[in-house]
Amino acid sequence: MANKSMGDNRTRTSVSIFIVAGLCFFFYLLGSWQRSGVGKGDSIALAVTRSGENCNILPNLNFETRHGGQAGSIDDSGTEVKKFKPCRPRYTDHTPCQDQKRAMHLPRENMIYRERHCPPPEKKLNCLIPAPKGYVAPFPWPKSRDYVPYVNAPYKSLTVEKAIQNWIQYEGNVFRFPGGGTQFPQGADKYIDQLASVIPIQNGTVRTALDTGCGVASWGAYLWKRNVIAMSFAPRDSHEAQVQFALERGVPAVIGVLGTVKMPYPSRAFDMAHCSRCLIPWGAADGILMMEVDRVLRPGGYWVLSGPPINWKTNYKAWQRPMEDLQEEQRKIEEIAKLLCWEKKSEKGETAIWQKRMDADSCRSTQEESEATLCKSTDPDDVWYNKMEACITPSKGNGDDEGLKPFPERLFAVPPRIANGLVSGVPVEAYLEDNRKWKKHVSAYKKINKLIDTGRYRNIMDMNSGLGGFAAALQSPKLWVMNVMPTIAKKNTLGVIYERGLIGIYHDWCEAFSTYPRTYDLIHAHGLFSLYKDKCNFEDILLEMDRILRPEGAVILRDDIDVLIKVKKIIGGIRWDSKLIDHEDGPLVPEKILVAVKQYWTVGDDNSTSTR
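Under the annotation held in an unreviewed UniProt entry, the chain carries the name Methyltransferase and is attributed to Solanum lycopersicum. Per UniProt, the chain carries the Sequence similarities (unreviewed entry) text "Belongs to the methyltransferase superfamily."

See below:
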């Protein structure tokens, strides 16, 4: 019996050594493939699969499926994997829900044609969006703030249209962003200094900002070094590739417009909102757009309006607009601001700053002859495709904003919404445990992919963000995370995420995201496919992930094993290299991790293209 036992041990040891050696060799080959990008991709993008340095963790991970019969009951060996073809080259910058051709057939009033209008299922592209020929990895931050490779977004119209406004310049094979804007041609830094003389930008009180009509998002780009993170948006319009440029620079941005539909953000989310010559008619339609800004602005938050009609007496000739029109426009803005209980703190040059009162409801009740109409909706965060209303969202009911900590303390402090019991089923203890769990998960991710904390991944997305634990555990000046709250999630916790000093957005993953292709370096999703099982096609979600992921970008999916096996099969036809890994607590945990890397390929690398 002893000899048999010793023989069994030697056999198991030999098998273990063989498996580890085989896996290391696999990663060596995959790393070699990654480094063979012919100078087009980032030579270190796939160090997730680098040999040697990762081998020390492989004995604790099982890349084969050991799940006590769960996985063994699924046999895909006899099923052919569907191969997805590249789309035609004209789709390199395809944005499905902001398609220019479709927009031209929609009503133009109130910017309806610039809003989200997604194609029906039968019109979706069932192919892989190609990168443009010559595509290269973006420069690392902070160089990317100032320079973008021309081949990644080869559109020069802004260099002509905004030449005297210091937005963007074309220099050889790169675009250079001097940091200017229409209202700050001498640079965003000096402009922000002017704002900081009124707004407490430096002490962590102001952490989250909203930039409406952001252009190429230089305001948000220069706020970054002051520890303020801006959610910027601009429409896809005649100013080609504004949001695309912003994301290539490594600045948070989405395609969007203030039109007729509520913004996809929770109430009381932002510490500051900003409009710099954004051409939004703030005084029109009884101030409905200012009321929508008021909904998402935290009590005590600031609204900045720079440009027309501010200081119209001095500038009406330069703006080439009738003095009477500008005077009336500013009168309406001042009137609506008073109705909203915003107090004007400063007006200097062409910039005015208001502050929303901490207790705006009490302010309105004391106003004589107040004509304020309060919104009747019981859920001010129910916004997805819902129309704006000319009413004021009540200030109370979503937490004690006076108790909000400055950043970075608020990142792990108990958010007011949770402290006050406003998130059903999430007591304080559950929030603290969630933080501990995600610190452990992210620690495991960094062992799997040693590039996560190096600056290689700048634009990161969490497709099912929960309480924001993943983003909080990753927090670094080298990166930012777009926290996405699925509209079908059981708990709406996006307001909690903003109270932590993070940013995010509502979205339904049965539709395309409001961004350009190739705008995220790393995509994470926990439980997303389980959430959307029987809701929409997994293929569509994965094709959308591929569209927004950069070549040589990474994916981390955490979900139940039976779901991930189905996902992995689809991935086999999407030009991703993937591996299934055990949960960090061992092979008996049914939740697994699927890591993947998108291959580098561009237009013309494969002659077989889709007919779409």
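**With respect to the side chain of Arg547**
Looking at the element boundaries, Arg547 is found in helix 17 (residues 538-548). With relative accessibility at 3%, the residue Arg547 sits in the buried group. Of note is the side chain of Arg547, whose polar atom sits 3.0 Å from the backbone oxygen of Phe513. The contacts of Arg547, once residues within four sequence positions are left out, are His94, Thr95, Pro96, Ile129, Ala512, Phe513, Thr515, Tyr516, Pro517 and Arg518.

**Remarks on the sheet that holds strand 12 (residues 480-486)**
The seven strands lie next to each other as 13-12-11-14-15-17-16, forming an open sheet whose pairing is mixed. What marks the edges here is a single partner per strand, and that holds for strand 13 (503-507) and strand 16 (576-582). Between one strand and the next, the sheet's axes are offset by a mean angle of 20°, whatever the strand orientation. Taken together, the seven bridges between strand 15 (residues 549-560) and strand 17 (residues 591-598) define a ladder with antiparallel strand orientation. Bridging from a neighbouring strand, Ala554 pairs with Val597 of strand 17. Strands strand 15, strand 16 and strand 17 of the sheet are contacted by helix 18 (residues 561-571), whose axis makes an angle of about 155° with strand 15.

**Focus: helix 10 (residues 323-339)**
If you check helix 10, its first and last C-alpha atoms are 25 Å apart, about what 17 residues at 1.5 Å a residue would give, namely 24 Å. Of all the residues in helix 10, the buried ones are Leu326, Glu329, Gln330, Ile333, Ile336, Ala337 and Leu339. Buried residues along helix 10 sit against helix 8 (288-296), strand 8 (297-306), helix 9 (312-319), strand 9 (342-348), strand 10 (351-356) and helix 11 (360-366). Directly after helix 10, the chain includes Cys341, whose backbone phi takes a positive value near 65°.

**Some points on the state of the cysteines**
All told, the structure shown has six disulfides when counted by the stated rule. Here Cys87 connects covalently by a disulfide to Cys127, the sulfurs 2.0 Å from one another. An S-S torsion of about 105° defines the bridge between Cys87 and Cys127 as right-handed. Here the residue Cys87 occupies a position in the loop between helix 1 (2-34) and helix 2 (100-103), and Cys127 occupies one in the loop between helix 2 and helix 3 (143-146), the gap between them amounting to 40 residues. Residue classification places Cys127 among the buried residues on the basis of a relative accessible area of 4%. Across the disulfide, Cys510 is cross-linked to Cys536 (sulfur-sulfur distance 2.4 Å). Torsion about the S-S bond of the Cys510 and Cys536 cystine: about -90°, corresponding to left-handed handedness. Residue Cys510 is located in the loop between strand 13 and strand 14 (520-526), and its partner Cys536 is located in the loop between helix 16 (528-531) and helix 17; the two are separated by 26 residues in the primary sequence. A relative accessible area of 21% places Cys510 in the partly exposed class.

Reading guide: rules and limits
- Residues numbered from 1 in each chain as written.
- Predicted model: local features only at pLDDT ≥ 70, side-chain atom pairs only at ≥ 80, totals over all residues.
- Heavy atoms only, no water.
- UniProt positions renumbered as here; feature names shortened; annotations may be inferred.
- Helix = DSSP H or I, 4+ residues; strand = E, 2+ residues; numbered from the N terminus.
- Buried < 20%, exposed > 50% of the residue type's maximum accessible area, 1.4 Å probe, protein only.
- Polar contact = N/O pair within 3.5 Å; in protein donor to acceptor, adjacent residues only side chain to side chain.
- Contact = heavy atoms within 4.5 Å.
- Pairing = 2+ DSSP bridges.
- Axes fitted to C-alpha atoms, helices over the stretch in contact; angles between N-to-C directions.
- Expected span 1.5 Å × (residues − 1).
- Disulfide = S-S within 2.5 Å.

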